[in-house]
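Observations on the three-dimensional arrangement
So the chains spell out like this:
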Amino acid sequence: MDIALNPHEARVLGVLVEKAFTTPDQYPLSLNATTNGCNQKSNRDPHVDFSEAEVRIALTGLTMKHLAGKSVPVGSRVEKWRHSAKEALKLDDRELAVLAELLLRGPQTAGELRGRAKRMRDLPSLDVLEQCLATLREKGYAVTQPEGRAPRTRQTLCRDLHPEDLPAPASALPADSGEQSEPSTATAAPPPGEIGAPDVTTRVTVLEERVDELAAIVARLQRELGG
């Protein structure tokens, strides 16, 4: 399918998919919850500060593209929103989770993707992840490009979401580039699938996710207890 999203639509779609997987008891999302999900600082790149008006416009755009729609629960006056990406894009849960991670965090290596997307759906091995990526590439939703030792995959639904011309980190510059980097005692990260030192970024991400999960549990308990 030839689907083109703008950056606002891409972020909102990623949030709707993520929250459907991670906080099903709070899904579908209200406009306020969707806006908060777009603007949260954990599991997001880049960080944004969308207004509710901007998010509503993005939701309208996604509805016109058959990727989202309104949902008004019985007995509720609050307008809520849900995604329809699984049906529209013809993806299974794992493939959709990986695509949402690419929308929310940008280009990533296989190891990064598996470590982050498995908070939404189980990815028992890198082989399973590669099967998901192969489907996304086949359908034209993602592309994998060689970048140094570890190829990175990027989504293609919104090409302006994560610019491809970002400067390479100092460690990735070729030896004859003329650039000098500060000496470092850190060891090189192992290729995806190999056992190595813990990825600090992934560990921090996991801790942030657990805090979000605990906050959701506390909120649910408060509602049940009438607090």
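Each remark here, short or long, concerns the structure printed above.
The next thing to look at is the overall build of the protein. When helices and strands are tallied, the protein shows eight helices and six strands. Summarising the internal contacts of the protein: among those between residues at least 6 apart in sequence, 58% fall at separations of at least 24. When the accessible surface of the protein is split by element, carbon and sulfur atoms take 54% of a total near 13100 Å².

Along the chain, Ala 88 falls in helix α4 (residues 85-89). By relative accessible area, which is 14% here, Ala 88 ends up buried. Linking Ala 88 and Lys 65, residues 23 residues apart in sequence, is a C-alpha distance of 8.9 Å.

In total, this model carries ten salt bridges according to the counting rule given. Its salt-bridge partner being Arg 119, residue Glu 101 comes within 3.2 Å of it at the nearest N-O pair. Remark: Arg 119 occurs in the loop between α6 (110-117) and α7 (126-138) and Glu 101 occurs in helix α5 (residues 93-105); sequence separation between them is 18 residues. The exposure classification of Glu 101 matches that of Arg 119, with both residues buried.

Right, let's get into the sheet that holds strand β1 (residues 29-30). A sheet is described by the order of its strands in space; here three strands give the open sequence β1-β3-β2, paired in antiparallel fashion. Edge positions in the open sheet fall to β1 and β2 (68-71), since each of these has one partner strand only. As paired elements, β2 and strand β3 (residues 80-83) share four bridges and run antiparallel to each other. Bridge pairing in β3 places Ser 71 opposite Lys 80.

In terms of strand pairing, strand β4 (residues 108-109) meets strand β6 (residues 152-155) through two bridges, oriented antiparallel. Its bridge partner being in β6, Gln 108 is matched across the sheet by Thr 153. Pairing of strand β5 (residues 142-145) with β6 involves four bridges; the strand directions are antiparallel. Looking across to β6, one finds that Val 143 is bridged to Arg 154. A loop of six residues connects β5 with β6, the two strands running antiparallel in sequence, and Gly 148 in this loop sits at a positive phi of about 70°.

Another point: the sheet that holds β5. If you trace the three strands from one edge of the open sheet to the other, you get β4-β6-β5, paired in antiparallel fashion. This sheet does not close on itself; its edge strands, each paired only once, are β4 and β5. With respect to the sheet, α5 is in contact with β4, β5 and β6, its orientation differing from that of β6 by roughly 85°.

A word on the packing of helix α2 (residues 31-39) against helix α3 (residues 52-64). It is at 9 Å that the axes of α2 and α3 come closest, and there the two elements cross at 100°. Classified by the angle their axes make, α2 and α3 are roughly perpendicular. Residues Leu 31, Asn 32, Thr 34, Thr 35 and Cys 38 of α2 touch α3, and the partners they reach there are Glu 52, Val 55, Arg 56 and Leu 59. Split by residue class, the contact of α2 with α3 holds four nonpolar, three polar and two charged.

On to the side chain of Gln 108. Mapped onto the elements, Gln 108 comes out in strand β4. A distance of 3.0 Å separates polar atoms of two side chains, one belonging to Gln 108 and the other to Arg 116. Setting aside anything within four residues of it in sequence, one finds Gln 108 in contact with Glu 101, Leu 102, Leu 113, Arg 116, Pro 151, Arg 152 and Thr 153.

In this section: unusual backbone geometry. Here Tyr 27 and Pro 28 are connected by a cis peptide whose omega angle stands at 5°. Its place among the elements puts Pro 28 in the loop between α1 (7-22) and β1. Note that the residue after Asp 45, namely Pro 46, is joined by a cis bond; omega there is 0°. Looking at the element boundaries, Pro 46 is found in the loop between α2 and α3. In this structure, Asn 43 takes a positive phi of about 60° despite not being glycine. Positionally, Asn 43 belongs in the loop between α2 and α3. Its identity as a non-glycine residue notwithstanding, His 66 has a phi of 65°, on the positive side. Relative to the helices and strands, His 66 resides in the loop between α3 and β2. For His 66, a relative accessible area of 59% translates into the label exposed.

Criteria and cut-off values
Residues numbered from 1 in each chain as written. Predicted model: local features only at pLDDT ≥ 70, side-chain atom pairs only at ≥ 80, totals over all residues. Heavy atoms only, no water. Helix = DSSP H or I, 4+ residues; strand = E, 2+ residues; numbered from the N terminus. Contact = heavy atoms within 4.5 Å. Areas by Shrake-Rupley, 256 points an atom, 1.4 Å probe, with all protein chains shown as cover. Buried < 20%, exposed > 50% of the residue type's maximum accessible area, 1.4 Å probe, protein only. Salt bridge = Lys/Arg side-chain N within 4 Å of Asp/Glu carboxyl O. Pairing = 2+ DSSP bridges. Axes fitted to C-alpha atoms, helices over the stretch in contact; angles between N-to-C directions. Parallel < 35°, antiparallel > 145°, perpendicular 65-115°, else oblique. Nonpolar A, V, L, I, M, F, W, Y, C, P; charged D, E, K, R; others polar. Polar contact = N/O pair within 3.5 Å; in protein donor to acceptor, adjacent residues only side chain to side chain.

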